[in-house]
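Coordinates in review
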Amino acid sequence: MDGQAKQGSQGGESDMECSDTECFDDYDYYNNDDNEIEQIDPKKTDIEYFSCESLNEEQVERLLNETVELLSNNLQITPSSAKVLLHSHEWDVPAIVRNYKENVSNIRIRTNSAIVPQSQICFRYITCSVCVTTQNSDKFFSLSCSHSFCKDCWMTHFEVQINQGISTGISCMARDCGVLAPEDFVLKHLARTNLREKYQQFTFQDYVKSHPCLRFCPGPNCSIVIYSKEIKAKKAFCSYCKTSFCFKCGIDYHAPTECIIIKKWLTKCADDSETANYISAHTKDCPKCNICIEKNGGCNHMQCYSCKHDFCWMCMGDWKTHGSEYYECSRYRENPNVAYESAHAQAREALKKYLHYYERWENHSKSLKLEEQTLTKLKTRINQKVMSGLGTWIDWQYLFTAAELLAKCRYTLQYTYPYAYYMDPGPRKELFEYQQAQLEAEIENLSWKVERAETTDRGDLENQMDIAEKRRTTLLKDFLDV
Amino acid sequence: MAALPRRIIKETQRLMQEPVPGISAIPDESNARYFHVIVTGPEDSPFEGGLFKLELFLPEDYPMSAPKVRFITKIYHPNIDRLGRICLDILKDKWSPALQIRTVLLSIQALLSAPNPDDPLANDVAELWKVNESEAIRNAKEWTRRYAMDT
Ligand SMILES: [Zn+2]
Ligand SMILES: [Zn+2]
Ligand SMILES: [Zn+2]
Ligand SMILES: [Zn+2]
């Protein structure tokens, strides 16, 4: 096999797709005309587009072995030793080769038996320092560090380590010796099949975890590994169990917020959960007639069932003031004089600010769940309609598309709140909050219409879908930095 | 019970023949894997003059796994908690089968001479050791006098 040529092309065909997307990104940027969106391949217009593959264990094994073979051919070392190097150097073949050529002596992993000092090869008796048993020297083995121990001690050492879940990290038995035991050395000393299997399972896990382009699918009981050449905070998707997650950090997808920021936010929310608890009320009083109103849909545009007053669930203000030009509900008005206030007042202001963002973050998350329920109910109703001859399945598909889009938009909206919370004040934050407000207004309009889908004009609904998605992509184009 | 491994027999013999200065480790009469240990508080340490009882147990897979060691005498030390558990790297991830009971006991003795509040097990003790060392040392001496001197 030609080592150089194979290098870095583990993904096979996906190469082509990547470069295509790059070319079209620019094209899309200058031709962002509404009418064209539907005709262009979504891959090329979607700034969130991410190319990844769902691999099963066998496919991953093949991918890893290609790299192992490449390195072992290149450096003339055993595949096991190549694995040790790859595992500890993020599978970066060019870097390892460069490193190796610059400083061969630094990389001390070689085939093992060859390195046993000459003196030990001839016939004599030695005492193993671990079991204090004296045996013929042919019962002794060592790693590249030449610390030799008897065969039985190696075996027990490996058994104990593997039972503790350690595999690629098993090192030499000598004190302070960090030389790692390559796979073939370990397997040679393991007699029991179940331990060999366990060992191979553990090493597989370690290899995947150490590989920058591979991620275990976080879906429950899913053994799929997601592969992507592009290591970005984009939405990875498992085509088997349909779980999606952020490819870079592995948790729930969080655009436009960055990985470190979302982590900080989630930690903060967990730490402050007590303070924020009181928010989780499902009922509020109508600001006009004071009748108790329960929120049972996702839409934040509420209408009192008694006095028909339209108001906003978040700020309890009149919904009339929430027209897209004046939408102020998402923005937090910071007290400009807070720096001159007492420490106590500053702490209160900080809490007020956090609660403002937290409340909205939490509320959209709840709305997402409620809208899911709405969709389930809608499905049942449509099913009944179709069964009783009112239209066909295909006639009603647009409604599901609308509900799906609503969920996608609200999801992004939810994740704009941690982003805004950590933003420094200034024109960029103002622009962000302006776009966030626009997005929020259109999402509530869409939600209102989806909840009343059967009585809303289809064209009207589809128009609203377009507007909401356009606001979403505008915000992501300006602020998503991956 | 399985026969005692040669390694344990050898180590025990050597511990009896050439004991570590300031430390006595005596195997239990009924269980050769269980040792009654007494460590003398090192000179120029807040533990000076104290005699600290410990228990040491060699698990089934010793020496592949580290011995289990615990202080029985109460001690005021940032790396030893209320239950007598010891925070020492060679008892955990830095264990090597080439280490011995002797090395472990020497390391514990060294830990008494040089407490390390940056790698704490007893958080309140470590905290005081960092912010007010003289008060912490006073406490350690007080505890030594109260719990580790002949009763
Ligand atoms: Zn070694
Ligand atoms: Zn041995
Ligand atoms: Zn999956
Ligand atoms: Zn992320």
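First things first, this report covers the structure right here in the doc. On a predicted model such as this, the values are computed, not experimentally measured, just so you know.

**With respect to the coordination of the zinc ion (ligand 3)**
Six octahedral donors at a metal ideally form angles of 90 or 180 degrees, and four tetrahedral donors ideally form angles of 109.5 degrees. All names here are of chain A. Distances from the zinc ion (ligand 3) to its protein donors, namely Cys217 (SG), Cys222 (SG), Cys238 (SG) and Cys241 (SG), fall within the range 2.2 to 2.3 Å. One can describe the donor arrangement at the zinc ion (ligand 3) as tetrahedral, given that its four donor atoms subtend angles of 102 to 114 degrees at the metal. Residue class for Cys238 comes out buried when judged on its relative accessible area of 0%.

**Considerations on the packing of helix α5 (residues 57–75) of chain A against helix α6 (residues 79–88) of chain A**
Residue and element names in this part refer to chain A. Look at α5 against α6: their axes get within 8 Å of each other, and the N-to-C directions meet at 110 degrees. As far as their axial angle goes, α6 and α5 are roughly perpendicular. Together, Asn65, Thr67, Val68, Leu71, Ser72 and Leu75 of α5 and Pro79, Ala82, Lys83, Leu85 and Leu86 of α6 make up the contact between the two elements. Its residues placed into classes, the contact of α5 with α6 shows seven nonpolar, three polar and one charged.

**Some details on the environment of Glu451 of chain A**
Position of Glu451 of chain A among the secondary structure elements: in helix α17 (residues 427–451). The spacing of Glu451 of chain A and Gly298 of chain A is 153 residues in sequence and 8.7 Å in space, taken between C-alpha atoms.

**Remarks on unusual backbone geometry**
Between Ala255 of chain A and Pro256 of chain A the backbone carries a cis peptide bond, its omega angle lying at 5 degrees. By secondary structure assignment, the location of Pro256 of chain A is in the loop between β9 (244–246) and α12 (259–271). Each neighbour pair has its own omega, and for Tyr62 of chain B with Pro63 of chain B the value is 10 degrees, a cis peptide bond. Relative to the elements of secondary structure, Pro63 of chain B occurs in the loop between β3 (51–57) and β4 (68–71). Look at Gln76 of chain A: it is not a glycine, yet its phi comes out positive at around 55 degrees. The residue Asn221 of chain A is not glycine, and still its phi comes out positive at about 55 degrees.

**Points about empty space enclosed by the protein**
If you roll a probe as big as a water molecule over the atoms, it shows you where there is empty space left. Residue and element names in this part refer to chain A. Enumeration over the complete set of coordinates arrives at two cavities of 30 Å³ or more. Approximately 70 Å³ is the volume attributed to the largest cavity. Taken together, 13 residues make up the lining of the largest cavity; nearest its centre are Val84, Thr168, Ala181, Glu183 and Tyr207. It is α6 that contributes the most residues to the lining of the largest cavity, four residues altogether.

**Digging into the sheet that holds strand β1 (residues 23–27) of chain B**
Residues and elements named next belong to chain B. Strand order across the open sheet formed by four strands is β1-β2-β3-β4, with antiparallel pairing between neighbours. Strands with a single pairing partner mark the edges of an open sheet, and in this sheet they are β1 and β4. Averaged over neighbouring strand pairs, the angle between their axes works out to 20 degrees when direction is ignored. Those strands touched by helix α2 (residues 101–113) are β1, β2 (34–40), β3 and β4, and its axis lies near 35 degrees from that of β2.

Basis of the calculations
Residues numbered from 1 in each chain as written. Chains lettered and ligands numbered in written order. Predicted model: local features only at pLDDT ≥ 70, side-chain atom pairs only at ≥ 80, totals over all residues. Heavy atoms only, no water. Donors = N, O, S within 2.8 Å, 3.2 Å for Na, K, Ca; no water. Tetrahedral: all angles 85-135°; square planar, octahedral: opposite > 155°, others 65-115°. Buried < 20%, exposed > 50% of the residue type's maximum accessible area, 1.4 Å probe, protein only. Axes fitted to C-alpha atoms, helices over the stretch in contact; angles between N-to-C directions. Helix = DSSP H or I, 4+ residues; strand = E, 2+ residues; numbered from the N terminus. Parallel < 35°, antiparallel > 145°, perpendicular 65-115°, else oblique. Contact = heavy atoms within 4.5 Å. Nonpolar A, V, L, I, M, F, W, Y, C, P; charged D, E, K, R; others polar. 1 Å grid on protein atoms, 1.4 Å probe; cavity = no way out; pocket = protein on both sides within 12 Å on 5 of 7 lines; lining within 4 Å. Points joined across faces, edges and corners; volume = space filled by probe spheres on them. Pairing = 2+ DSSP bridges.

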